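# Descriptive structure summary
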Amino acid sequence: MHVYNVEQSNQGVKKRVYKIDKRFEASIERSEFRYSILQIILAIVMIGIGASFNGKVDKEEICPNGASWWLLTAGIVLLVLNVLNVKTKIYRTNVLDQRNISCGCAARCGLKILLISSIVMTIVDAVMIIWGAILVFGNFGSWTYNVGVYRRNMEDHNYCPYTPMMTVFVILIIKLLLLPTMIILLCMCTCCIACLFP
């Protein structure tokens, strides 16, 4: 068990103090760090595919429905978000946990700034997911990767090559399934902590 119940006596009054095992905290930190590294790899792939299919050829957009633009933009946001998260974890581990603080207030203020910017980037990432879902799922019914079909009937079809459109589709399905799962797990953990630490 990772949560210990310790009774302390202070002038005859017993009070319960709960201490969380440091190995448990370190395990959570390592899991978050590994997840951020995987997200950085995903972001690099998104940027690569988005940049490859973004732009014009013979004065025509390569992917006029915006899927490649979303891949490029969301990839950059995801990369910044997770590099910032990794930087925050490294900063916290090296500076605060080992007490290598040369200027305590400045180090703590720096950590708070990194944490706040991490929260802002998480909100931006959620907005990017919603934007991508509207963009891709709204156009998916009329999407074609056949240029001939698109040029014959531009009114009823939207065109994007297969690779960027399916990449966006798969990424969004995974993220839209993971987002509610993570929110539910976070709520459950918050409730458990609230019950353990009244």
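What you are looking at is a predicted structure, and each value in this text was computed from that prediction instead of being measured. (Residues numbered from 1 in each chain as written. Predicted model: local features only at pLDDT ≥ 70, side-chain atom pairs only at ≥ 80, totals over all residues. Heavy atoms only, no water.)

## As for the overall build of the chain
Our working rule: Helix numbers and strand numbers start at the N terminus; a helix is a DSSP run of H or I with at least 4 residues, a strand a run of E with at least 2. Each residue is placed in one exposure class: buried if its accessible area under a 1.4 Å probe, protein chains only, is under 20% of its type's maximum, exposed if it is over 50%, and partly exposed if it falls in between. Contact criterion: two residues are considered in contact whenever any of their non-hydrogen atoms come within 4.5 Å of each other.
Check the secondary structure of the chain and you find five helices and six strands. Walking the chain from its N terminus toward its C terminus, one meets helices and strands in the order β-β-α-β-β-α-α-β-α-β-α. For the chain, the residues scored as buried account for 29% of the 198 residues in total. In the chain, once contacts between residues fewer than 6 apart in sequence are set aside, the share between residues at least 24 apart is 60%.

## Here we look at the confidence of the model for the chain
To keep it simple, the criterion reads: pLDDT expresses how confident the predictor is about each individual residue, on a scale running from 0 to 100.
The share of residues in the chain with pLDDT of 70 or more is 73%, and the mean pLDDT across the chain is 76. Ranking the elements of the chain by mean pLDDT puts strand 1 (residues 3-10) last, at 48, and strand 5 (residues 143-144) first, at 86. Low pLDDT, under 50, characterises residues 1-9; the predicted model gives this stretch 26 contacts beyond four residues in sequence or across chains.

## Let's talk about a nonpolar patch on the surface
The cut-off we apply is this: In this scheme, patches are assembled from residues that exceed 30% relative accessible area and form no salt bridge. Like charges are connected within 9 Å, while nonpolar side chains (Val, Leu, Ile, Met, Phe, Trp, Tyr) are connected within 5 Å. The Shrake-Rupley method, run with a 1.4 Å probe sphere, supplies the accessible areas, and residue values consider only the shown protein chains as cover. Within this document, salt bridges are pairs made up of a side-chain nitrogen of Lys or Arg and a carboxyl oxygen of Asp or Glu, the two lying within 4 Å of each other.
A cluster of nonpolar side chains, namely Tyr 35, Val 170, Ile 174, Leu 178, Met 182, Ile 184, Leu 185 and Met 188, defines an oily patch on the protein surface of about 750 Å² accessible area. Mapped onto the fold, Tyr 35 is located in helix 1 (residues 22-52).

## Considering the nonpolar core
Put simply, the test is: Side-chain atoms within 4.5 Å link the members of a nonpolar core, which is a set of buried Ala, Val, Leu, Ile, Met, Phe, Trp, Tyr and Cys residues.
Of all hydrophobic cores here, the largest spans 23 residues; its most connected members are Met 46, Trp 70, Leu 71 and Val 168. When contributions to this core are tallied by element, the ones reaching two or more residues are helix 1, helix 2 (67-97), helix 3 (104-139) and helix 5 (162-196).

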